[in-house]
Amino acid sequence: MKKIIQGLGTTKNYLDKKIKWDKLTEILDSIRYAPSSGDLQNWKVVVVDDLENKKKLAKFSYDQTWVSKASVVLVVCNDQSEVKRMFKGKADFYSTQNCAAGIQNMLLRATSLGIDSAWIRTFNAERIRSLLSIPEDIKIDALITLGYAKKREEKVRVNELKNVVYFREWGNSEL
Ligand SMILES: Cc1cc2nc3c(=O)[nH]c(=O)nc-3n(C[C@H](O)[C@H](O)[C@H](O)COP(=O)(O)O)c2cc1C
């Protein structure tokens, strides 16, 4: 598990190599096991694997052209309807966190299968909505690219644990 967690990193250079459906299914399946507020499981995923639409997703991600080179792009959607009923004003906050937990499951499962990925949030949601016929009341939370890296990037920056964790009170780094 430690190796998988440490092996997860953003990949923006993909080989022209398809992910097999059985592996993709494994990755998609992992979202179902993420924790969610009220157990509402408000995630939905649209799988985009045709070049024409991948190119459009790249364009709508403010010309992040590398997006179209991935084997597939997952469009992670957030169906807030039930969450709104249960959590009212906190729905946006909770439902986004639920989807983020699901995304992290998929990224870790992908890494464990030797598949590289990237998480993208810089995009024009309305253009993606219209391209993929995503209903008005469904939020688009992220795009996830999946594929095989030409070259795996080294982690650029990992914060030291002492700068992240405090003991017993804010700011105390002494164990
Ligand atoms: C919510 C979120 C949104 C992100 N959006 C983008 C993006 O639009 N484009 C991009 O190139 N990377 C994006 N990233 C990837 C981060 O830039 C990347 O995770 C960070 O630089 C650390 O690099 P690493 O993942 O290789 O450790 C996003 C990551 C997260 C979690």
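As a starting point, this report considers the structure included with it.

## Topic: the sheet that holds strand β2 (residues 72-79)
Hydrogen bonds between backbone groups are what pair the strands of a sheet, and the pairing can be parallel or antiparallel.
(1) Moving on: Judged by pairing direction, the sheet is antiparallel, and its four strands sit side by side in the order β1-β2-β4-β3 without closing on themselves. Each edge of the open sheet carries a strand with a single partner, namely β1 (43-48) and β3 (116-120). The average undirected angle you get between the axes of adjacent strands in this sheet is 25 degrees.
(2) Moving on: Judged from the six bridges that link them, β1 and β2 form a sheet pairing that is antiparallel. Considered in β2, the bridge of Val46 is made with Val75.
(3) Moving on: Sheet contacts for helix α2 (residues 21-30): β1, β2 and β4 (138-147); angle to β1, the most-contacted strand, approximately 160 degrees.
(4) Moving on: Across the sheet, helix α3 (residues 51-60) touches β1, β2 and β4, and the angle it forms with β2 is around 65 degrees.

## Things to note about the site of the ligand
(1) Moving on: As a structural note, the neighbourhood of the ligand is formed by Gly9, Thr10, Lys12, Gln64, Trp66, Trp119, Ile120, Arg121, Thr122 and Lys155.
(2) Moving on: Between Trp119 and the ligand, the recorded distance is 2.9 Å, taken from a backbone N or O atom to a nitrogen atom.
(3) Moving on: Between the ligand and the protein, one listed contact pairs a nitrogen atom with a backbone N or O atom of Arg121 at 3.0 Å.
(4) Moving on: Here the shell around the ligand is composed, by residue class, of three nonpolar, four polar and three charged.

## Concerning the side chain of Ser30
(1) Moving on: Take Ser30: it is sitting in helix α2.
(2) Moving on: Classification of Ser30 as buried rests on a relative accessible area of 10%.
(3) Moving on: If sequence neighbours within four positions are ignored, Ser30 has contacts with Asn105, Met106 and Arg109.

## With respect to unusual backbone geometry
(1) Moving on: In this model, Asp39 sits at a positive phi of 55 degrees, which is unusual for a non-glycine residue.
(2) Moving on: One can find Asp39 in the loop between α2 and β1.
(3) Moving on: Residue class for Asp39 comes out exposed when judged on its relative accessible area of 54%.
(4) Moving on: Even without glycine at this site, Lys88 takes up a positive phi of about 45 degrees.
(5) Moving on: Given a relative accessible area of 59%, Lys88 falls into the exposed group.

## Here's the deal with the packing of aromatic side chains
Geometrically, a pair of aromatic rings is defined through the distance of the ring centres and the angle of the planes.
(1) Moving on: Inspection of the entire model under this criterion finds three aromatic pairs.
(2) Moving on: Both rings, one in Phe87 and one in Tyr94, keep their centres 4.6 Å apart while their planes meet at 80 degrees; by these two values the pair is edge-to-face.
(3) Moving on: Relative to Trp170, the ring of Tyr166 lies with its centre 4.8 Å away and its plane at 70 degrees, an arrangement referred to as edge-to-face.
(4) Moving on: Through successive ring pairs, a cluster of aromatic residues spans Phe87, Phe93 and Tyr94.
(5) Moving on: Lying across the ring of Tyr148, Lys17 places its NZ or CZ 4.1 Å from the centre.

## Re the packing of α2 against helix α5 (residues 91-112)
(1) Moving on: Following both chains from N to C, one finds α2 and α5 inclined at 150 degrees, their axes separated by 7 Å at the closest point. Taken as axis vectors, α2 and α5 run roughly antiparallel relative to one another. The two elements α2 and α5 cross, and the hand of that crossing is right-handed. On α5, the residues that touch Glu26, Ile27, Leu28 and Ser30 of α2 are Asn105, Met106, Arg109 and Ala110.
(2) Moving on: For the contact of α2 with α5, the class distribution of residues is four nonpolar, two polar and two charged.

What counts, and where the lines are drawn
- Residues numbered from 1 in each chain as written.
- Predicted model: local features only at pLDDT ≥ 70, side-chain atom pairs only at ≥ 80, totals over all residues.
- Heavy atoms only, no water.
- Pairing = 2+ DSSP bridges.
- Helix = DSSP H or I, 4+ residues; strand = E, 2+ residues; numbered from the N terminus.
- Axes fitted to C-alpha atoms, helices over the stretch in contact; angles between N-to-C directions.
- Contact = heavy atoms within 4.5 Å.
- Near = heavy atom within 4 Å.
- Polar contact = N/O pair within 3.5 Å; in protein donor to acceptor, adjacent residues only side chain to side chain.
- Nonpolar A, V, L, I, M, F, W, Y, C, P; charged D, E, K, R; others polar.
- Buried < 20%, exposed > 50% of the residue type's maximum accessible area, 1.4 Å probe, protein only.
- Phe/Tyr/Trp six-rings, centres within 6.5 Å; stacked < 30°, edge-to-face > 60°.
- Lys NZ or Arg CZ within 6 Å of the ring centre and 35° of its normal.
- Parallel < 35°, antiparallel > 145°, perpendicular 65-115°, else oblique.
- Left-handed = near helix turned anticlockwise from the far one by under 90°.

These values are about where atoms sit, not about what they do.
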